[in-house]
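Read off the chains here:
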Amino acid sequence: MTSSLIISKRLETIARYCPQGARVADIGSDHALLASYLLVRGIASFVIVGELNEGPYQAALRQIQTLALRDRASVRKGDGLSVLRPGEVDAVCIAGMGGQLIVSILAAGADKLEGVRRLILQPNVGEELVRRWLLENGWQLVAESILEEDGIIYEILVAERGEPAKPYEGKERSLEELLRIGPFLWEEKSPILLKKWRQERDKWQRVLSQLQQSRKPEAAERTRQIEAELEWLDEVIACLHTDKR
């Protein structure tokens, strides 16, 4: 395997957040492509790949075997952070799964985070849940990225031990809003963030249109909730749009 190993823009962005020379764990590794890239590019000094199911575990093993640096990699089968020993890695990547699952993995394996300096997390949905867990468990958000690839928008959250409330202080949005939007993403106000929230608004507008045709008694209350959500989304979108002019 040469340095020509090609990975997705999403994984490449995650790789950029891995500290140089770090020992990195990639949990739920998507064929160990990120781990391979980190070794081939000389970013990581050692990688641990964790997979829960037999098929992905075997695929990761096959990929690692193609590397000249395979002696600096360990592929392990197990649930979440259970594949790690405390103090064994400097950084943990968990990418490509729902926010609730990422939170469950972090919570269940909290003792395995001893010595970990950085978390690099890419939830497919439920980013707010991940930010809230970090805030409540002593992890300070230090960076966020948003990108679009193949028509899908991804957010990447990077956290280190520190002052969890700091990124949310002194902003014009409330804590609850910034947990949803992302404090660094709100400051950056990229066109992709605007696109994300426009798509979110379109989704809720479709739900509202369906509800308005319903005769169920609970539909009226749900309609009011969605109308309030749409009002908030309109205000967020207006701010993002105005700032990008």
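In case you missed it, the structure is sitting above this.
Residues numbered from 1 in each chain as written. Predicted model: local features only at pLDDT ≥ 70, side-chain atom pairs only at ≥ 80, totals over all residues. Heavy atoms only, no water.

Engineer: Just to check I follow, could you spell out the overall build of the protein for this structure?
Structural biologist: Tallying secondary structure elements over the protein gives nine helices and seven strands in all. Based on the C-alpha atoms only, the size of the protein along its principal axes is roughly 60 × 40 × 35 Å. The burial tally for the protein puts 49% of its 245 residues in the buried class. Put simply, 66% of the contacts in the protein that link residues at least 6 apart link residues at least 24 apart. (Helix = DSSP H or I, 4+ residues; strand = E, 2+ residues; numbered from the N terminus. Buried < 20%, exposed > 50% of the residue type's maximum accessible area, 1.4 Å probe, protein only. Contact = heavy atoms within 4.5 Å.)

Engineer: Is there a simple way to think about the environment of Asp202 in this case?
Structural biologist: You can see Asp202 is positioned in helix H8 (residues 191-211). With 22 residues separating them along the chain, Asp202 and Arg224 place their C-alpha atoms 17 Å apart.

Engineer: Just to check I follow, could you spell out the sheet that holds strand S4 (residues 91-97) for this structure?
Structural biologist: Backbone hydrogen bonds are what pair the strands of a sheet, in a parallel or an antiparallel way. Across the sheet, seven strands lie side by side as S3-S2-S1-S4-S5-S7-S6; this open sheet has mixed pairing. In this open sheet, the two strands that pair with only one neighbour each are strand S3 (73-77) and strand S6 (139-149). Across this sheet, the average inter-strand angle for adjacent strands is 15°, counted without regard to direction. Pairing analysis gives five bridges linking strand S2 (residues 44-51) to S3, with the strands arranged parallel. Within S3, the position partnered with Val49 by the bridge is Val75. Those strands touched by helix H3 (residues 54-65) are S2 and S3, and its axis lies near 170° from that of S3. Of the strands in this sheet, S6 and strand S7 (152-161) are in contact with H8, which crosses S6 at around 80°. (Pairing = 2+ DSSP bridges. Axes fitted to C-alpha atoms, helices over the stretch in contact; angles between N-to-C directions.)

Engineer: I keep staring at the side chain of Ser145 and nothing clicks. Help me out?
Structural biologist: Among the structural elements, Ser145 can be located in strand S6. Here Ser145 falls in the buried class, since its relative accessible area comes to 14%. A distance of 2.6 Å separates polar atoms of two side chains, one belonging to Ser145 and the other to Tyr17. The contacts of Ser145, once residues within four sequence positions are left out, are Thr13, Tyr17, Tyr154, Glu155, Ile156 and Leu185. (Polar contact = N/O pair within 3.5 Å; in protein donor to acceptor, adjacent residues only side chain to side chain.)

Engineer: What is the right way to look at the pattern of salt bridges in this model?
Structural biologist: A side chain of one charge can pair with a side chain of the opposite charge if their charged atoms are brought near each other. Evaluated as defined, the whole model comprises 21 salt bridges. A salt bridge links Lys196 to Glu127; the nearest nitrogen and oxygen atoms lie 3.7 Å apart. Placement of the pair is Lys196 in helix H8 and Glu127 in helix H5 (residues 127-136), with a sequence separation of 69 residues. Classification of Glu127 as buried rests on a relative accessible area of 11%. Arg131 is the partner of Glu144 in a salt bridge, and the nearest nitrogen-oxygen pair spans 2.6 Å. One end of the pair, Glu144, is in strand S6; the other, Arg131, is in helix H5, with 13 residues separating them in the sequence. Overlapping salt bridges, with partners in common, bring together Glu127, Arg131, Glu144, Glu155 and Lys196 in one network. (Salt bridge = Lys/Arg side-chain N within 4 Å of Asp/Glu carboxyl O.)

So yeah, pure geometry; function would need other evidence.
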